[in-house]
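The lines below spell out each chain.
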Amino acid sequence: LVGFGGYMRFGEDLKANFMLNLPRNLLVRLGEVVVIVAVIFTYPLQLHPCRRSLMILVSSCLGRFLDRTEERWCRRILTSVILAGTSCLALLVRDLGITLAFVGAVGSNTVVLIMPAFLFMRMPHIHRGPLWYLALLVFVLGCIILPISLTAVVMKALMPTT
C-alpha cells in the first residue's frame, strides 16, 4: 500500500529510496532519525541468524561439532567478518535500488511462492489430491518467475542510465 501510494504521488520520478522523494523538513528528518534507530536496534537481530548459519556451515565443512573454545573464536571471527563486510558494503553502495531489487526478486519469490508450496507438498499426511497439484503449480510458477525476475534485475542493472 505504501509503495502504491509512492507511485501514485511521484509517478516515474519515484526513487528506489522513497525518503529521497520527500521534502527536506523537520518531520522528514525525524522520520530519518527513527529509521536510523530502528536499524541500530534490529541489526544485531539480523546478524545473529546469519552468523549462526555460517557457524553451522563451518561445522559441517569440518565434519564435527566445534568445542566451546573453537565455537567462541569462530563466533568472534564471523561476527567481525560480517560487520566489516556489511560496513564496506554500506560505504560503497550509494543506491540501494538494485540491492533491494535483487532481494525482492529472490526473497519474495522464495518466501511467497516456492517455499510454502514445497513445504506443503512435503508434508507426510498430504495425499496427491487437488490441493497438492495446486501447490505443485504454485511451486513451478515460482521456479519460473524467479529466474525471469533475476534476469530483469540484471538487465536493468547492466543497461546504461539516460
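Nothing here was measured: the structure is a model prediction, and the numbers come from that model.

Visitor: Now, about the layout of surface pockets: what can you tell me, with residues and values included?
Guide: Taken as a whole, the second largest pocket encloses approximately 170 Å³ of empty space. What lines the second largest pocket is Arg52, Met55, Ile56, Ser59, Arg64, Phe65, Leu66 and Glu71. Among the elements that take part in the lining of the second largest pocket, helix H2 (residues 26–62) stands out by supplying four residues, more than any other.

Visitor: Describe the pattern of salt bridges, with residues and values.
Guide: Tallied over the entire structure, the rule returns four salt bridges. Ionic pairing is found between Glu32 and Arg29, a salt bridge with its closest N-O pair at 3.2 Å. Separated by three residues within a single helix, Glu32 and Arg29 lie in helix H2, roughly one turn from each other. Among the residues examined, Arg29 registers a relative accessible area of 44% and is labelled partly exposed.

Visitor: Tell me about the packing of H2 against helix H3 (residues 68–92), and name the residues and values.
Guide: Direction vectors running N to C along H2 and H3 enclose 125 degrees, while the axes themselves pass 10 Å from each other. With respect to their mutual orientation, H2 and H3 come out oblique. Between H2 and H3 lies a crossing whose hand is right-handed. For the pair H2 and H3, the contacting residues are Tyr43, Leu47, Cys50, Arg51, Arg52, Leu54, Met55 and Val58 in the first and Glu71, Cys74, Arg75, Leu78, Thr79, Ile82, Leu83 and Thr86 in the second. For the contact of H2 with H3, a count of residues per class yields 10 nonpolar, two polar and four charged.

Visitor: So what's going on with the confidence of the model for the protein chain? Residues and values would help.
Guide: Looking at the protein chain, pLDDT values average 86 and 94% of them are 70 or higher. The weakest mean pLDDT in the protein chain belongs to helix H1 (residues 2–10) at 68; the strongest belongs to helix H5 (residues 130–158) at 92.

Visitor: Describe H5, listing the residues and the values that go with them.
Guide: In this model, H5 (29 residues) spans 42 Å end to end at C-alpha, consistent with the 42 Å of a helix rising 1.5 Å per residue. What H5 keeps buried is the set Trp132, Ala135, Gly142, Leu146 and Val153. For H5, the elements touching its buried residues are helix H4 (97–122).

Visitor: Tell me about a nonpolar patch on the surface, and please be specific about residues and values.
Guide: Among the surface-exposed residues, Leu89, Leu91, Leu92, Val93, Leu96 and Leu100 lie close enough to one another that they form a single nonpolar patch of about 620 Å² accessible area. Note on placement: Leu100 falls in helix H4.

Visitor: Can you break down the side chain of Asn109 residue by residue, with the values?
Guide: With respect to the secondary-structure elements, Asn109 resides in helix H4. The class for Asn109 is buried, based on a relative accessible area of 7%. Polar contacts involving the side chain of Asn109 include one to the main-chain carbonyl oxygen of Ala105, which spans 2.6 Å.

Visitor: Lay out the side chain of Arg51 with the relevant residues and their values.
Guide: With respect to the helices and strands, the residue Arg51 is situated in helix H2. Within the buried set, Arg51 has no salt-bridge partner at all; the shortest N-O distance to an opposite charge, 8.1 Å, is to Glu71.

Visitor: Any details on the packing of aromatic side chains? Residues and values, ideally.
Guide: Summed over all chains, the structure comprises two aromatic pairs. Ring geometry for Phe118 and Phe139: centres 6.0 Å apart, planes at 35 degrees, overall tilted. Of this pair, Phe118 sits in helix H4 while Phe139 sits in helix H5, placing them 21 residues apart in sequence. For Phe139, a relative accessible area of 21% puts it in the partly exposed group. For the ring pair Trp132 and Tyr133, a centre distance of 5.1 Å and an interplane angle of 85 degrees mean the geometry is edge-to-face. Across from the ring centre of Trp73, 5.4 Å away, lies the NZ or CZ of Arg76, which sits over that ring.

The rules behind these values
Residues numbered from 1 in each chain as written. Predicted model: local features only at pLDDT ≥ 70, side-chain atom pairs only at ≥ 80, totals over all residues. Heavy atoms only, no water. 1 Å grid on protein atoms, 1.4 Å probe; cavity = no way out; pocket = protein on both sides within 12 Å on 5 of 7 lines; lining within 4 Å. Points joined across faces, edges and corners; volume = space filled by probe spheres on them. Helix = DSSP H or I, 4+ residues; strand = E, 2+ residues; numbered from the N terminus. Salt bridge = Lys/Arg side-chain N within 4 Å of Asp/Glu carboxyl O. Buried < 20%, exposed > 50% of the residue type's maximum accessible area, 1.4 Å probe, protein only. Axes fitted to C-alpha atoms, helices over the stretch in contact; angles between N-to-C directions. Parallel < 35°, antiparallel > 145°, perpendicular 65-115°, else oblique. Left-handed = near helix turned anticlockwise from the far one by under 90°. Contact = heavy atoms within 4.5 Å. Nonpolar A, V, L, I, M, F, W, Y, C, P; charged D, E, K, R; others polar. pLDDT = per-residue confidence, 0-100. Expected span 1.5 Å × (residues − 1). Patch = residues over 30% accessible without salt bridge, like charges linked within 9 Å, V, L, I, M, F, W, Y side chains within 5 Å. Areas by Shrake-Rupley, 256 points an atom, 1.4 Å probe, with all protein chains shown as cover. Polar contact = N/O pair within 3.5 Å; in protein donor to acceptor, adjacent residues only side chain to side chain. Lys, Arg positive; Asp, Glu negative; His and termini not counted. Phe/Tyr/Trp six-rings, centres within 6.5 Å; stacked < 30°, edge-to-face > 60°. Lys NZ or Arg CZ within 6 Å of the ring centre and 35° of its normal.

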